[in-house]
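Residue strings, one per chain:
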Amino acid sequence: MAYIQVLIAGFGGQGVLFAGKVLAHKGLEEEKQISWLPSYGPEMRGGTANCSVIISDTPVGSPIVSEPDILIVMNLPSFDKYENAVKAGGCAFVDSTLIERKAERTDISVHYIPATKMARDLGIPTLANMIMIGKVIRETGVVAMDGLRDALSKTVSAKHQDLLEANLKAIEAGYEYKD
Amino acid sequence: MAKVLMKGNEAIAEAAIRSGCRHYFGYPITPQTEIAAYMAKRMPKIGGTFLQAESEISAINMVYGVSSAGCRVMTSSSSPGVSLKQEGISYLAGCDLPALIVNVQRGGPGLGGIQPSQSDYFQATKGGGHGDYRLIVLAPASVQEMADLTAKAFDLADKYRMPAMLLADGTIGQMMEPVELPEDMRTTVYEKPWAVTGTENKREHNIVNSLYLVPEQLEKKNIERYEKYKTVEKNEVMYEEYMTDDADVCVVAFGIAARVSKNAITAARAKGIKAGLIRPITLWPFPKDVIARTAEHVKGFVSVELSMGQMIEDIRLAEGCKKPVTLCSRVGGMIPSPEEVLKAIEDMEGGAF
Amino acid sequence: MAVVFSKPKALTDAPLHYCPGCTHGIIHRLVAEAIDDLGILGRTVGVAPVGCAVMAYDYFSCDMVEAAHGRAPAVATGLKRAMPDRIIFTYQGDGDLASIGMAETVHAATRNENITVIFVNNAIYGMTGGQMAPTSLPGQVTQTSPYGRDVKTVGYPIKVCELLSALDAPYYIERVAVNNVKHVMAAKKAIKRAFENQVEGRGFSLIEVVSSCPTNWGMTPQKALDWVESDMIPYYPLGVYRDKSKEAE
């Protein structure tokens, strides 16, 4: 019985909460039990933001993820803060454009993705978060790639549906990235 | 019916609309602004009222006006704002008017913080405003319950002609979970012959009023109201029991604290400790009987709260001081971890309290 | 025999509790006459204040709501939003409207809420026994300004009509008095107009009625009416402060 706890953290404005929503919506499409919990308050822009996502076959207890199976970090303060929280045997996904150091833990698997640079090179500079999600899907299978478009279209607000293709492109780029 | 992902706060708003509420008054405060934002978008499209009032005090008095007219109405706020509403809540109670007040709690006292809290338990369940009165207080622990208990609150408020409060917290308000919303969440339609809808020159005038200058009359009113409260206590208690049958240690927790406690109970059971949970869904009326029954077979209770220990007083009253009751709590916007709750369960099991 | 004078239908038979010489009775009657004249009794809902007029809910024969102190405009807002086709009026004193309820007053006005506000200004808190009001005159002796209102420490009276007419929104604002027959006739016209405005859906109308309080002023009724003329009206000039029907022309 899978009970996968995901923690995504970075600067406000990097799309950390949105990345969590994509996983949550996809999980719901797959008829899993879901919770999505954002940090909230003044850190919305510029400060640190994080969100807890639980994707499970059994009912979700506490929605607060303090020991993630999967950690996604998009800035150094978040990596410093949460590296030690990851469950032994879990994995961490690190945006290596913005985080220069390597992990100290040896009991977790760590993937380094230059997501911010890749996003810039692809001409979609705001979608590093989706590149990270693509890689997470590839490595963990927490949700399937199949049917992602539907989940994504539910996550993207009505007025931003024109960004659907760009989001998909970013996810695919992350999915194909070999580290 | 398809499940959709919704924030707890949005689920309250949509459920209110589907429960026939067409009037919302509020004032901005974190962490419940999604409710007002949702209403601001939806109400104009369905012929309802969304009005951002000049203050919490005005908002609750606008609620008082709409309720006097016999229509379903609500306001929402967070702790400091709910303090401001207390005057109006006392008047609603004193006039026997139904209404829904949502409190998505944050840390206090004073301006406090904006992170989740349950430290308005006393205020919600013991009065809050002046005078002898009660509120029906419902405590959701999931996004689905944010919706379901909103509908329930409107129903109970109309049924008993008294204000009801949904006592949530920042976590449940902000989190998203799958939720299923029936198209129409109204249960019963209640006649309101007391409403001030205009006499149409066909009946004596109706008066909505809480002033009784003759003490005998005011005493009678209060006694009658408390008879009604007895009926509510008899009929409307709601709670969830989780693994209590064989429990040696019983956790009592509501809202987000109950969610965390379930993780701890799973962990305790894995260690061979028979732990269970009573989750009050109505905080008033408080589920006294089940706690009294459970006291017969457990070693003790652990009250898990996001406060310095408020509900614990009601647990002690309910179990009649027969068994030890300990407090496991974090405050100021902090939430106890499952490990902290597990430790409290283990301490109770081992007699180390 | 033709009836030439009778009680307005909009008043009940309950005897008024007001002090001898108090002008609330006159103002109640003017409000009731306006409701009768416009034939709106069956669809009118009144909001009573806290203060001397708290029991107005027993005197007006329309449906009535008793509001918390100062909150009548908010309560009226709720009533009007729930029942746009009903005629909603508030009846408030100076402490209620201009002190504890100032926020509610200003914001109902600036929303141009389609309600009628009857504001009775007698420059004192009557019900509680004669304390200084936001509209007590400079130097006026009250229970809580025993040496006279000292503007250096407690500030100046609030001129509600002048203050509200600084807002863009309100439709109609007029100050009247009821200290002599001529003024009463003008007041009657103003109050009726304030209700008509609402019937026509024009928006917020407020009529300030400069009134007297012989009991708490410590004067005979006649002396009190004279004091209205000699001291109150010079400070609170009568007249129309806002009339959007004129602006539209």
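Residues numbered from 1 in each chain as written. Chains lettered and ligands numbered in written order. Predicted model: local features only at pLDDT ≥ 70, side-chain atom pairs only at ≥ 80, totals over all residues. Heavy atoms only, no water.

**Student:** Help me understand the overall build of chain B in this model?
**Tutor:** Counting secondary structure elements, chain B contains 12 helices and 15 strands. For 353 residues, the compact-globule estimate of 2.2 N^0.38 gives 20 Å, and the C-alpha radius of gyration of chain B, at 21 Å, lies within 12% of that figure. The buried share of chain B, taken over its 353 residues, is 60%. Taking all contacts inside chain B whose residues are at least 6 apart in sequence as the whole, residues at least 24 apart take part in 79%. As displayed, chain B has an accessible area near 13000 Å², and 53% of this comes from carbon and sulfur atoms. Across chain B, the centroid of the 39 positively charged side chains sits 2 Å from that of the 43 negatively charged ones. (Helix = DSSP H or I, 4+ residues; strand = E, 2+ residues; numbered from the N terminus. Rg over C-alpha atoms; globule rule 2.2 N^0.38 Å. Buried < 20%, exposed > 50% of the residue type's maximum accessible area, 1.4 Å probe, protein only. Contact = heavy atoms within 4.5 Å. Areas by Shrake-Rupley, 256 points an atom, 1.4 Å probe, with all protein chains shown as cover. Lys, Arg positive; Asp, Glu negative; His and termini not counted. Charge placed at Lys NZ, Arg CZ, Asp CG, Glu CD.)

**Student:** What is the right way to look at the domain arrangement of chain B in this model?
**Tutor:** You'll often see interface size given as the accessible area lost when the parts meet. All names here are of chain B. In terms of domain boundaries, chain B breaks down into domain 1 (4–195 + 222–235) and domain 2 (240–349). Between domain 1 and domain 2, the C-alpha centre-to-centre distance is 26 Å. Counting residues at the interface gives 31 residues for domain 1, matched by 26 residues for domain 2. Around 2400 Å² of area is buried between domain 1 and domain 2 when both sides are counted, 58% of it from carbon and sulfur atoms. When the buried surface of domain 1 facing domain 2 is broken down by residue, Q118, Y121 and F122 rank first, second and third, together holding 30% of it. Counting across the domain 1 and domain 2 interface gives 4 salt bridges. One salt bridge in this structure joins R259 and E177, with 2.7 Å as the shortest N-O distance. At the boundary of domain 1 and domain 2, one finds 14 residue pairs in polar contact (both at pLDDT 80 or more). Sorting the residues of the side of domain 1 that touches domain 2 by element identifies helix 5 (121–126), strand 6 (136–138), helix 6 (143–160), strand 7 (163–169), helix 7 (170–174) and helix 8 (215–235) as the ones contributing at least two each. With 4 residues, helix 5 is the single largest residue contributor to the side of domain 1 that touches domain 2. For the side of domain 1 that touches domain 2, the residue count by class is 17 nonpolar, 7 polar and 7 charged. (Domains from an automatic or database assignment. Buried area = accessible area lost by both parts, 1.4 Å probe. Salt bridge = Lys/Arg side-chain N within 4 Å of Asp/Glu carboxyl O. Polar contact = N/O pair within 3.5 Å; in protein donor to acceptor, adjacent residues only side chain to side chain. Nonpolar A, V, L, I, M, F, W, Y, C, P; charged D, E, K, R; others polar.)

**Student:** Explain the interface of chain B and chain A here, please?
**Tutor:** Facing the 22 residues of chain B at the interface are 18 residues of chain A. Linking chain B with chain A are 0 salt bridges, by the criterion used here. Between the two partners, chain B and chain A, sit 5 residue pairs in polar contact (both at pLDDT 80 or more). The biggest single contributor to the side of chain B that touches chain A is helix 9 (residues 255–270) of chain B, with 4 residues. Classifying every residue of the side of chain B that touches chain A by side-chain character gives 11 nonpolar, 6 polar and 5 charged.

**Student:** So what exactly am I meant to see when it comes to the nonpolar core here?
**Tutor:** Note that soluble globular proteins tend to have their nonpolar side chains buried in a common cluster. Ranked by internal contacts, the top residues of the largest apolar core, which has 144 residues, are M74 and I345 of chain B together with L79 and L206 of chain C. In terms of residue count, the dominant contributor to this core is helix 6 of chain B (10 residues). Residue assignment places this core across two domains, with domain 1 (4–195 + 222–235) and domain 2 (240–349) of chain B each supplying three or more. Here I345 of chain B is in contact with V249, V251, A264, I265, A268, I273, A275 and V302 of chain B, once residues within four sequence places are set aside. Counting residues in hydrophobic clusters, the runner-up holds 44 residues, among them V6, W36, A170 and I171 of chain A. (Core = buried A, V, L, I, M, F, W, Y, C linked by side-chain atoms within 4.5 Å.)

**Student:** Before we go on, may I ask you to explain the side chain of T326 of chain B in this structure?
**Tutor:** Residues and elements named next belong to chain B. Mapped onto the fold, T326 is located in strand 15 (residues 325–329). Residue T326 is classed as buried on the basis of its relative accessible area of 18%. Those residues within four positions of T326 in sequence are excluded, and the remaining contacts are F301, V302, S303, I312, M348 and F353.

**Student:** Please clarify how the confidence of the model for chain B should be interpreted in this entry.
**Tutor:** Note: predicted coordinates in regions of low pLDDT should not be interpreted at a detailed level. Averaged over every residue, the pLDDT of chain B is 97; the share at 70 or more is 100%. Reported confidence for the predicted complex is 0.93 by ipTM and 0.95 by pTM. (pLDDT = per-residue confidence, 0-100.)

**Student:** Teacher, can you tell me more about the pattern of salt bridges here?
**Tutor:** Oppositely charged side chains may form a pair once their charged atoms are brought near each other. The final tally for this structure, using the stated rule, is 53 salt bridges over all chains. In this structure, K26 of chain A and E30 of chain A form a salt bridge, with 2.6 Å as the shortest nitrogen-oxygen distance. K159 of chain B is the partner of E236 of chain B in a salt bridge, and the nearest nitrogen-oxygen pair spans 3.0 Å. Residue E236 of chain B is found in the loop between helix 8 and strand 10 (239–242), and its partner K159 of chain B is found in helix 6; the two are separated by 77 residues along the sequence. Using a relative accessible area of 42% as the deciding quantity, one classes K159 of chain B as partly exposed. Several salt bridges share partner residues, and in doing so they unite E14, R18, R42 and E183 of chain B into one network.

**Student:** Help me understand the environment of K159 of chain B in this model?
**Tutor:** Residues and elements named next belong to chain B. Spatially, the C-alpha atom of K159 lies 35 Å from that of L327, the residues being 168 residues apart in sequence. If near-sequence neighbours (up to four positions away) are discounted, K159 is found in contact with Y190 and E236. A polar contact of 3.0 Å, which involves the side chain of K159, links it to the side chain of E236.

**Student:** What exactly am I supposed to notice about the packing of aromatic side chains here?
**Tutor:** Within a pair of aromatic rings, the relevant descriptors are the distance that separates the centres and the angle that separates the planes. Considering all chains together, one arrives at 11 aromatic pairs over all chains under this definition. The interplanar angle of 70° and the centroid separation of 5.3 Å between the aromatic rings of Y235 of chain C and Y236 of chain C together place this pair among those described as edge-to-face. The exposure class of Y236 of chain C is buried, given its relative accessible area of 0%. Among the aromatic residues, those joined into a cluster by ring pairs are F60, F89, Y91 and F195 of chain C. Note that R138 of chain A overlies the ring of Y175 of chain A, its terminal NZ or CZ placed 4.7 Å from the centroid. Taking the ring centre of Y242 of chain B as reference, the NZ or CZ of K262 of chain B above it sits at 4.9 Å. (Phe/Tyr/Trp six-rings, centres within 6.5 Å; stacked < 30°, edge-to-face > 60°. Lys NZ or Arg CZ within 6 Å of the ring centre and 35° of its normal.)

**Student:** Hey, could you run me through the sheet that holds strand 15 of chain B in this one?
**Tutor:** Strand pairs in the sheet, formed through backbone hydrogen bonds, run parallel or antiparallel to each other. Residue and element names in this part refer to chain B. Spatial ordering of the open sheet is given by 10-12-11-14-15, a layout of 5 strands whose pairing is mixed. Of all the strands in the sheet, the pair left with one neighbour each is strand 10 and strand 15. The mean angle between the axes of side-by-side strands here comes to 20°, regardless of whether they run parallel or antiparallel. Bridge count for strand 11 (residues 249–252) against strand 12 (residues 275–280) is 4 bridges, and the pairing is parallel. Looking across to strand 12, one finds that V249 is bridged to A275. Contacts from helix 12 (residues 338–349) reach strand 11, strand 12, strand 14 (300–305) and strand 15, with the element oriented near 160° to strand 14. (Pairing = 2+ DSSP bridges. Axes fitted to C-alpha atoms, helices over the stretch in contact; angles between N-to-C directions.)

**Student:** When you look at the interface of chain C and chain B in this model, what are you seeing that I'm missing?
**Tutor:** Taken residue by residue, the interface counts 34 residues in chain C and 33 residues in chain B. Between chain C and chain B, roughly 2500 Å² of surface is buried when both sides are summed, and carbon and sulfur atoms account for 59% of that area. Considering only the side of chain C, the residues that lose the most area to chain B are Y57, D63 and R81 of chain C, jointly responsible for 21% of the buried surface there. Across the pair R71 of chain C and E87 of chain B runs a salt bridge whose closest N-O atoms are separated by 3.0 Å. On inspection of chain C and its partner chain B, the count reaches 19 residue pairs in polar contact (both at pLDDT 80 or more). Looking at the side of chain C that touches chain B, the elements with two or more residues in it are strand 1 (44–48), helix 2 (56–59), strand 2 (63–66), helix 3 (72–82) and helix 5 (102–110) of chain C. Ranked by residues supplied to the side of chain C that touches chain B, first place goes to helix 3 of chain C with 7 residues. For the side of chain C that touches chain B, a count of residues per class yields 17 nonpolar, 8 polar and 9 charged.

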